[in-house]
Structure formats: C-alpha cells, structure tokens
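# Architecture at a glance
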Amino acid sequence: MEENLSEDMHAATKIEHSSEISKKECMDLLVPVRHSDAQSKESPHDCEISSKGLRAKGNSMKNTTEKTHMCDMNGLDYSSRLKLLIHLPDHSSQQSSVCKECGKTFGERKKLVRHLRIHTSQKSFICDVCGRSFRDSKSLESHFRIHTGVKPYACEICRKAFSARGELRSHLYIHLNEKPYTCEVCSKSFSRQADLKVHLRIHTKEKRYVCEVCSKAFSNSSNLKTHLRIHTKEKPYVCEVCSKAFSTSSNLKTHLRIHTKEKPYVCDVCSKAFAQTDKLASHLRIHSEEKPYVCEVCSKAFNNSSNLKTHLRIHTEEKPYACEVCSEAFSRSESLKSHFFTHSKESPYACEICCKTFSGSSNLKRHLHVHSEEKPYACEVCGKAFIQKDHLEAHLRIHTKEKPFLCEVCNKTFTQKSSLKLHLRIHNKEKPYACEVCSKAFSRRDKLKSHLLTHSKEKRYACEICGEAFSQRSKFTAHLRVHAKEKPYGCGMCSEAFSDSRNLTLEGPIF
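Treat the numbers as computed from the prediction; the structure is a model and nothing was measured. (Residues numbered from 1 in each chain as written. Predicted model: local features only at pLDDT ≥ 70, side-chain atom pairs only at ≥ 80, totals over all residues. Heavy atoms only, no water.)

### Considering the overall build of the protein
Across its full length, the protein carries 21 helices and 30 strands. Considering the protein as a whole, with its 511 residues, one finds that 24% of them fall into the buried category. In the protein, 10% of the contacts between residues at least 6 apart in sequence involve partners at least 24 apart. (Helix = DSSP H or I, 4+ residues; strand = E, 2+ residues; numbered from the N terminus. Buried < 20%, exposed > 50% of the residue type's maximum accessible area, 1.4 Å probe, protein only. Contact = heavy atoms within 4.5 Å.)

### A word on the packing of aromatic side chains
Within this structure, the stated rule accounts for 2 aromatic pairs. Judged by centre distance (6.1 Å) and plane angle (20°), the rings of Tyr461 and Phe476 are stacked. Taken together, the residues span a long stretch of sequence, with Tyr461 in strand S27 (residues 461-462) and Phe476 in helix H20 (residues 473-484) at a distance of 15 residues. Ring geometry for Phe470 versus Phe476: centroids 6.3 Å apart, planes at 45°, classification tilted. Take Phe470: its relative accessible area is 12%, and that puts it in the buried class. Looking at Phe476, the relative accessible area reads 17%, which means it is buried. Taken together, the ring pairs in this structure connect Tyr461, Phe470 and Phe476 into an aromatic cluster. (Phe/Tyr/Trp six-rings, centres within 6.5 Å; stacked < 30°, edge-to-face > 60°.)

### A word on a positive patch on the surface
Together, Lys205, Lys207, Lys216 and Lys309 give the surface a local cluster of positive charge. Its location among the elements puts Lys207 in the loop between helix H10 (193-204) and strand S9 (209-210). Note on Lys207: relative accessible area 52%, which makes it exposed. (Patch = residues over 30% accessible without salt bridge, like charges linked within 9 Å, V, L, I, M, F, W, Y side chains within 5 Å. Areas by Shrake-Rupley, 256 points an atom, 1.4 Å probe, with all protein chains shown as cover. Salt bridge = Lys/Arg side-chain N within 4 Å of Asp/Glu carboxyl O. Lys, Arg positive; Asp, Glu negative; His and termini not counted. Charge placed at Lys NZ, Arg CZ, Asp CG, Glu CD.)

### Remarks on the pattern of salt bridges
Here the idea is simple: oppositely charged side chains can pair when their charged atoms come close. What the rule picks out here adds up to 5 salt bridges. One salt bridge connects Arg257 with Glu262, and the closest N-O pair in it is separated by 3.9 Å. Take Glu262: its relative accessible area is 40%, and that puts it in the partly exposed class. Between Asp446 and Arg444 there is a salt bridge, and its shortest N-O distance comes to 2.7 Å. Asp446 sits in the partly exposed class, given a relative accessible area of 40%.

### Remarks on H20
Between its first and last C-alpha atoms H20 spans 17 Å; for 12 residues at 1.5 Å apiece the expected length is 16 Å, and the two agree. Against the buried residues of H20 lie S27, strand S28 (469-470) and strand S29 (489-490). Just past H20, the residue Lys485 takes up positive phi, approximately 55°. (Expected span 1.5 Å × (residues − 1).)

### Details of the side chain of Thr248
With respect to the helices and strands, the residue Thr248 is situated in the loop between strand S12 (245-246) and helix H12 (249-260). When near neighbours in sequence (up to four residues on either side) are disregarded, Thr248 contacts Thr226, Arg229 and Tyr237.

### Considering unusual backbone geometry
The backbone of Lys261 sits at a positive phi, close to 60°, despite the residue not being glycine. Relative to the elements of secondary structure, Lys261 occurs in the loop between H12 and strand S13 (265-266). According to the relative accessible area criterion, Lys261 is exposed, its value standing at 67%. The backbone of Asn411 sits at a positive phi, close to 65°, despite the residue not being glycine. When you line up the elements, Asn411 lands in the loop between strand S23 (405-406) and strand S24 (413-414). Asn411 sits in the exposed class, given a relative accessible area of 54%.

### Describing the confidence of the model for the protein
On average, residues of the protein score 76 in pLDDT, and 82% of them reach the 70 mark or higher. Ranking the elements of the protein by mean pLDDT puts helix H4 (residues 51-57) last, at 35, and S13 first, at 90. Contacts from residues 1-65, a stretch scored under 50 in pLDDT, to residues over four places away or in other chains number 65 contacts. Considering only residues more than four positions removed or in separate chains, one finds that residues 506-511, a stretch of pLDDT under 50, has 9 contacts. (pLDDT = per-residue confidence, 0-100.)

### Description of the side chain of Arg397
Tracing the sequence through the fold places Arg397 in helix H17 (residues 389-400). No salt bridge forms around the buried Arg397; measuring N to O, its nearest opposite-charge neighbour Glu402 is 4.3 Å away. At 2.5 Å, the side chain of Arg397 and the backbone oxygen of Thr415 are in polar contact. Residues contacting Arg397, with those up to four places away along its chain left out, are Glu402, Pro404, Phe405, Thr415 and Gln416. (Polar contact = N/O pair within 3.5 Å; in protein donor to acceptor, adjacent residues only side chain to side chain.)

### Here we look at the environment of Cys186
Tracing the backbone through its elements, the reader meets Cys186 in the loop between strand S7 (181-182) and strand S8 (189-190). On the basis of relative accessible area, Cys186 is assigned to the partly exposed category, the value being 37%. Cys186 sits 17 residues away from His203 along the chain, and the two C-alpha atoms are 9.0 Å apart. Apart from the residues lying within four places of it in its own chain, the contact partners of Cys186 are His199 and His203.

### Focus on the state of the cysteines
For the structure shown, the criterion picks out 0 disulfides. This cysteine, Cys183, is not joined by any disulfide, and Cys186 carries the nearest cysteine sulfur, 3.7 Å off. Among the residues examined, Cys183 registers a relative accessible area of 2% and is labelled buried. The thiol of Cys382 is not disulfide-bonded; the next cysteine sulfur, from Cys379, is found 3.7 Å away. (Disulfide = S-S within 2.5 Å.)

Shown next, in the form of structure tokens:
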C-alpha cells in the first residue's frame, strides 16, 4: 500500500514538473467525477471543469462504478489516487493566498499580492498626467479615465455612463427603489448594506481613513479621496463652457447651472429658486428664523455653517485671502475679489436702473435697496428703518452706548469698524482720495466729493436769512448756527465755544 502511494506521489511530481506534458494532456488528466455521477452512472459532462476540457476527452470517457477518490476540501471525486494527488496542490495555492496581516483570503495569488500593497503603502503605479500614485494597474487605469473623459460603463435603464464599474454598480441601486437596510439609531434606510455600514460611523464617530499628509480623518474612503485633491491641487472635472476646473464632479454639476440658469430647488414659502439644495435649506431658515450654528466665543447664531466659519475669523483674526498686488489680507474671498477691482479700476457690476457701477456684487445688491425703497430692518427702540442689517446693528449701538472698535494708538473707541478704519488714517497720514484738478488729497471719499464743488463754482446751498451761498453742505450747516447763535463745540481748556468745529482746532479748517 505504502509502495503504491509512493509511486503515485512520484508520478504526480513528475507530471507537475515535466515540460513535455501539454496543456491539453493536463486537462484530460484532471477531469474530476462527482460522487453522485459515479453512483448514477451518468456521463460527467456537467463537471465544473471547462467544457473545452471535457470535449477534449469527448466520448473516450467511460462510465465507471469503480472505487473513487474524494477530495476532503471540496467534495470532488477522482477516478484514481494519482489524479487526486495532482489536484491537491490547487488547495495549497489557495491556502497560501491568505493575508497574514488581516486574515483575508483570495481565490488567486495575484489578488493577494495586490491586496498586500494596502499594508505596505506601496504605490508604484503613477499617473503621467497629475502624478497621483496607485497600488495596482487597474486602479490607475480607472483613474486615467477622469483625464480622458472615457465612461465605458453605461446603465441599461437610464443610459447614464460611468468611468468605473464600481460606480455603475452603486448607481443601479437607485433603480431598485428598495431600501431594506435601516439604521437602528436614526431609522434612515439604505438600498445597500455597505451604505448602512458607512452611515453607522456617523453615530460611532469612527473615522478609519486618515490623510497621510495632514492626518485629518474621515468615515469613508471616498471623502478621503476627495480630500486628497486639496493637497495634490488636482481638479480633474473641467467645465466645457468656461474651462473652470473642480476637484469633485458634484461641484462641476452645480457650477454648470450658472451657464444653464437652472434653479431646480424652489422655496415653498416665497417661491424663490436656488441652484443648490444647501442654499435652499439655508434660505428656509430665514422663514423659520432657525439659527442652529452658534459661535462658541460670543454666542452669535447663524442660519448656515459657512457664515459661522467666516464669523469665527473675527475672533481668530485669520485672513487667509491676500491681495497679490498690495498684500492686504481679507477674511472672505468675496472681499478680496471686490478689493482687487480697486487696483484695476474695474467696476463690472452695473445697476440696471441707474447704470451706477460697483466693484463687488454685494455692493450692487445693497445699492438695489435704494431703488426699491425697501427698509426691512427696523430699530425696536426708535423705529428707524435701514436697508441693511449691519446698518441696523451699528445704529443699535447708539442706544446701547456700545463702542467695541478700539484704536490701538490713542485708545479712542468707535461704534462702527468703518469709523475706526477712517480714524486710523489720521495716525498713518493716509489720504487715498486725491483731487484730479488740484491734486489735494483726502482721507475720506465724501470729503473729496465735497471739495470738488469748490472747483465747479456751483453753490447749491443758499441761506434764506442772509442769502449767502455755499458749495458745501457742512459749511452751510455751520453758517446756520451763526444765525441761531448755537455754539456746540466747546474748548476743553477754557470756556470758549464755537459754532464750527474747524474754529476749535489749532491747525485751522480740516477738509
């Protein structure tokens, strides 16, 4: 018995290593016979080995009732001990396809090799376009379709195309209209168990996917993939209309609505339409007066997270948006964009009613309230109404006597930030507004506007008492105090008082 087994083993080794045996001969030799086939004496043409291999054996195979040799691993029977021994190395190769790091098994050894790169962080396949690296050639091939725009996988139901097979597979669940997987915490339902598994990490706070650059963690791999484009500066999704590029397809999709003027999300209360769902959600909080985003420093509340994020920069004094011309920094990108037009002298935003132009869209938006005469922000103390909310907030400080803006040079305080900004020009001697006629410079635009009237010789302000006329309203107002014998400007050093503040100063009139 042992001698026969030894001979069989020797024959198996000889067959396995011999270069003289053809592939066809090996297929003929390895045809297994199911135990049920042998018992029923049926021809084993439905065996799991390929039909090509079976046809090669053809009619030469004979029905047999001889004792068979069964594989303990998969239950297949072989007509001889030799054939069973030749078959066994298949299982040994499968056993070797087990990851020693995480225990995951693979049907093919090449899949194990590809998987091991996850643990070694080896990424030897590099994209020639953007330089991004991948663990295997298939991932690189799938990624490269982003650059080429090729989408070979199309949905047979709606014909939507995708660049990766996995994306198509995920998409198909939309058509199922079934969501059998429900979250036990919040009752949200999903069409795939994998989506539920990812969702649960919201409740468990699990973030297993960590960025190797900045260590920021994410609950799913797709968010990490999108985040990495911040570091790589990769923007693979390009608008075909204006060539603007984006890091995510969703951002491109939203951007395209600028060109199509599409606004599919409509408010049920006021019928205002929006291009984005988050914009609609933020807008709805105006009607509900809900402000769920609260500043932890000053407790000020906001109806959307982006406004809170921008507001926090007041406390952190963070100004990430810097002008490339003069290096002045801003906390908001919109402010930088508006500021940049001061260098180019460009005012691209024009009012359709009076044709007045503005450097920023926000300035135009504020200006439009002038024509509508709408003043939606009213003071609860005195009833005075304002076009802008920030104007009302500044006005309220008159009643509260609050002056939160402090000059660090002389400690003088102001109710408005703009007033502090104008005041600082006294210390730094800055006078950015120059007269084109006489080159005289001023620290404020309104002072320049008033000064220009002196060159026009126009005197629009006439005194009804004495007939004297003035080109500037401030001089006219000061003149009226002469008739009224009003002297509101008192000297702090003596008891002398004046009707004009310029007479109080030692340096004479200030323009």
